[in-house]
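Chain by chain, the residues:
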Amino acid sequence: MSDNFAQTVKQQADIVRIIGDYIKLRKSGAQNYTGLCPFHKEKTGSFSVNATHNYFYCFGCHEKGDVFTFVMKLENISFPEAIRVVAAKCGIPLPKREFSSPEEAREAGTRRHLIDIHEAATQYFEAALKAPEAARAREYLTGRGVTADTIAKFRIGYAPDDFNHMREQLSKHFPEEILRTSGLFSAKEQNDGGQGQLYARFRKRITFPIANEQGKTIAFTARALDAEDEKGRPIAKYLNSPETALYSKGQVLFNLDKAKADIRSLGFALLVEGQMDCISVYMAGIKGVLATSGTAFTEMQIRLLSRFTKRVIVNFDPDTAGTTATEKSIALLTEEDFEVKIVTLEGGLDPDRYIREQGVQQYMAALRNAKRHSDYLIDRAREQFPGRTSDAKVKALNFLLPHIRRMPNRIQRDEFAADAAQKLGIDSAILRQELKQAAAQRVETVRSHTHDPASETERVLLRALVLPETDPARTLAAEQLAQHPEWYDNLPAAALLESLANAPAPPNPLDAAPDQPSRILLARTLQDTEDPDTASSNAQSMTERVENALETLKYRQLERRQRELRALIAEADRRADHTMLTTLTAEKLQIDRKLREQ
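Residues lying three or four places apart along an α-helix face the same way, a consequence of the helix completing one turn every 3.6 residues. The end-to-end C-alpha distance of helix α13 (residues 320–335) is 23 Å, a good match for the 22 Å that 16 residues give at a rise of 1.5 Å each. If you check which residues of α13 are buried, you get G322, T323, A325, T326, E327, S329, I330, A331, L333 and T334. D337 sits one or two residues past α13 and shows a positive phi near 65°.

Spelled out as C-alpha cells, the structure:
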C-alpha cells in the first residue's frame, strides 16, 4: 500500500473511536481522553489520547504513537496489516491490489470467494437452526446450557439432513469451482476418474464456525445428533472441514479472534481441547480461552500464541488421549520458553461438564491451583512407575528427561532435575550426579542402576530382618519399619525392607526379594553377615546397631521433609496462599525442633 493511502486513512480515522474499540476512554479535557493503559497493568488511568493531534501517550510506561502504532502494538501485526484494520474500521475501501502474475491474482480471487462462501454457509446454518427440523439440535444445546446469547456470539448453526438443498442455494451465488474447493461439499468419484455431483458434507449436525484471527469463518466443526445411521453403522461424533486454501488445522486456534484482547490483558491463555469446552468457559466469564480442536499444539499455533502471551494454563480432558496431548503440548511449549501450568479437574471431568456441575467459582479455584508443568510431570512419572525399586525410579526419570532436556534455560533444567530426584526419593549420589549430567547435556535417558549400592544403615537393617523371628534385633527392626515406612521409602533397599519387615524371612532369604536388582543387593549384603557361631554372643550389639540405624533413618526422613516444606512454603508464598503458608510453617517449626532434639 502506498504512503499516500496510509496518510489518507490516518487523516480520516477518528483515533478516539478506534482506540475506544479496544479500551474504555473518558473525556478529560477539550480534546483529551484518558483510560487504563493496555500495555501495562495499572489501577489509575495514565493513558492519554489527543484527538486534535491524533496521537496517544502513556505517562506510566511511556508508550506512544499514532493510530497505526496503537493497532500494531495491540494486535501484534505489521504496519500494512494495521492500515487494513484501521481502513476497515473507518469504512475506507482498500486500493486495488496489483499482482505480480495471473496465478497470484487468481489465488487471491479464490481466497476472497472462499471467505465469502464460508460466510454464506454460516448464515445458512444459523437460519437452519431456527427451523422446525432443528428442534432436536436446539434441545441438545439447551441441555448443554448453551443460551441464545451464546448461539449468537459463536454463530452456532445446524446442517439440515439434506444432501442437495445447501448446494442449490449457494450455487446461485458461487461458481462450481468454489463449491468444490470450499470443503463444504463432497462428491463421489466416477468410473472415469472424474468427480460426480456435489452433496453437503455436513448433514444432521450442529455446526460450530471456526474463525481466523480477524473473525472471518474459514471452516466448521460439526457435531452429530445420532450415534448411528439408518443402517446401524456408527457415525463419527465430530466431523471437521478438510484443509483448504483458507484452513489448516495446525495453524488455527479456535476463539483466538474473541480471546486475544483478554489474553493480552490477563497475561496468560487458557488452553482447552474442544469447542464446547472453550465456549462454556468463555461464556462463564473466563474470556482468554482457546481450543486446539482436539489436537496437540503445533509449532505454528505456538508461534501464533506467542504474539499475545508466553504463559499458558493447559486443561485438556483427563482421558488417555487428553493426557498424551497434554504431554506433547508441554514439550512444545516449554521448548519455546513458555511458562506452563496444568489443571486436572476432579472426577475426571472436562471443563464444560465441570462448570455445569460444580460452577464457575469452583473452576476458577481449580485454575488458581494449577500445577507447574514440572510438578504435573513428576506426578505422572510416579503414577506410571510407582515401585520403590531402583529400576522403577530410573524408568520414572527417563520419562521426565526428554521434558527436562527441552527447557532452554539451564538453571530451570537443573531445578527440575533436582526436584524430580527429591520427589522420586532418590538419595543415591551416583544417580543424582548422572541425572544432573543428563539434564545439563540434554540426553534422553540415564542408565539403569541395577546395582545401586545400599548404605551401611540399610545393610544393618537387612541383616537384622533375616534373623529368626524371636531375635530382639529382628523384632525391633520389623516393628519400627512396619510402623514408619516413610523412613525408608526413598532408599535403594526400600522394596527389600518393606518385604522383610512385613513378613518373616523365608528359609532362603533371597526369595523375599521382589526383583533381580533387590536379590543382588541382598546377596551382597548377606555376604558380610557375621559367622553363625559368634552371632549369639553379639546379639546385644546387633540390637544397638539396629537402634542406631533406625535413628539415622528417622533423622534423614525429617531432613527430607524439611527440604520439601521449604519448597512448598516458597510456592505458597508465591501464590499468596496464607492459609496454606500458616499450616506449612507450623509443620516446619515442629520438624526444626525435632531435628535439634536428635
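And the narrative resumes.
In this section: the sheet that holds strand β16 (residues 371–372). Reading across the sheet, the five strands line up as β13-β12-β14-β15-β16 and stay open at both edges, with mixed pairing between neighbours. Where the open sheet ends on each side, the last strands, each with one partner, are β13 (289–291) and β16. Inspection of the sheet shows strand β12 (residues 269–272) paired to β13 by three bridges, in the parallel sense. Bridge pairing in β13 places V272 opposite A291.

This paragraph deals with unusual backbone geometry. Working note: non-glycine residues mostly have negative phi, and peptide bonds are mostly trans. Phi is positive for R155, which is not a glycine, with a value near 55°. One can find R155 in the loop between α7 (148–154) and β6 (157–159). Accessibility expressed as a relative area gives 24% for R155, which makes it partly exposed. Positive phi, close to 65°, is recorded for D337, a residue that is not glycine. Residue placement: D337 occurs in the loop between α13 and β15 (339–342). Judged by relative accessible area, which is 46%, D337 ranks as partly exposed.

What follows deals with the sheet that holds β6. Judged by pairing direction, the sheet is antiparallel, and its four strands sit side by side in the order β6-β9-β10-β11 without closing on themselves. Pairing within the sheet leaves two strands with one partner each, and these edge strands are β6 and β11 (238–240). Averaged over all adjacent pairs, the angle separating strand axes in this sheet is 35°, with direction ignored. Bridge count between β6 and strand β9 (residues 205–211): three bridges; the pairing is antiparallel. Across the sheet, residue Y158 finds its bridge partner in β9, namely I206.

Another point: the layout of surface pockets. Any empty space left between atoms is shown by rolling a water-sized probe over those atoms. Its volume calculated, the second largest pocket comes out at about 1,300 Å³. Every element with two or more residues in the lining of the second largest pocket is listed here: α15 (360–368), β16, α16 (373–384), α17 (390–406), α18 (410–423), α25 (539–575) and α26 (578–597). In terms of residue count, α25 provides more of the lining of the second largest pocket than any other element does, 11 residues in total. Along the lines of polarity and charge, the residues of the lining of the second largest pocket split into 20 nonpolar, eight polar and 21 charged.

Quick look at the packing of aromatic side chains now. The description of two aromatic rings rests on the distance between their centres and on the angle between their planes. Tallying each qualifying case throughout the model produces 16 aromatic pairs. Between F47 and F56, the ring centres sit 5.5 Å apart and the planes meet at 25°, which makes this aromatic pair stacked. In this pair, the class of F47 matches that of F56, namely buried. Relative to F70, the ring of F47 has its centre 6.0 Å away and its plane inclined at 55°; by these criteria the two rings are tilted. With F47 in strand β3 (residues 47–50) and F70 in helix α3 (residues 67–75), this residue pair connects regions lying 23 residues apart in the sequence. A residue is classified by how much of its surface remains accessible, and F70, at 0% relative accessible area, is buried.

Buried residues of helix α14 (residues 351–358): P351, D352, Y354 and I355, and no others. Structurally, α14 contributes buried residues whose contacts are with β12, α11 (275–283), β14 (311–315) and α15. Backbone geometry just after α14 places G359 at a positive phi near 95°.

Attention now goes to a negative patch on the surface. A surface patch of like charges, here negative, comprises E133, D161, D162, E168 and E230. With respect to the helices, strands and loops of the structure, E230 is situated in the loop between β10 (217–224) and β11. With a relative accessible area of 71%, E230 lands in the exposed category.

A word on the pattern of salt bridges. Under the criterion given, the structure shown has 25 salt bridges. Residue R372 pairs with D375 through a salt bridge whose shortest N-O separation is 3.2 Å. D375 sits in the buried class, given a relative accessible area of 14%. Across the salt bridge formed by R372 and D419, the nearest N and O atoms sit 3.7 Å from each other. Within this pair, whereas R372 is found in strand β16, its partner D419 is found in helix α18, the two being separated by 47 residues in sequence. A relative accessible area of 14% means that D419 is categorised as buried. In this structure, a network of salt bridges that share partners links the residues R372, D375, D419 and K423.

Reading guide: rules and limits
Residues numbered from 1 in each chain as written. Predicted model: local features only at pLDDT ≥ 70, side-chain atom pairs only at ≥ 80, totals over all residues. Heavy atoms only, no water. Helix = DSSP H or I, 4+ residues; strand = E, 2+ residues; numbered from the N terminus. Expected span 1.5 Å × (residues − 1). Buried < 20%, exposed > 50% of the residue type's maximum accessible area, 1.4 Å probe, protein only. Pairing = 2+ DSSP bridges. Axes fitted to C-alpha atoms, helices over the stretch in contact; angles between N-to-C directions. 1 Å grid on protein atoms, 1.4 Å probe; cavity = no way out; pocket = protein on both sides within 12 Å on 5 of 7 lines; lining within 4 Å. Points joined across faces, edges and corners; volume = space filled by probe spheres on them. Nonpolar A, V, L, I, M, F, W, Y, C, P; charged D, E, K, R; others polar. Phe/Tyr/Trp six-rings, centres within 6.5 Å; stacked < 30°, edge-to-face > 60°. Contact = heavy atoms within 4.5 Å. Patch = residues over 30% accessible without salt bridge, like charges linked within 9 Å, V, L, I, M, F, W, Y side chains within 5 Å. Areas by Shrake-Rupley, 256 points an atom, 1.4 Å probe, with all protein chains shown as cover. Salt bridge = Lys/Arg side-chain N within 4 Å of Asp/Glu carboxyl O. Lys, Arg positive; Asp, Glu negative; His and termini not counted. Charge placed at Lys NZ, Arg CZ, Asp CG, Glu CD.

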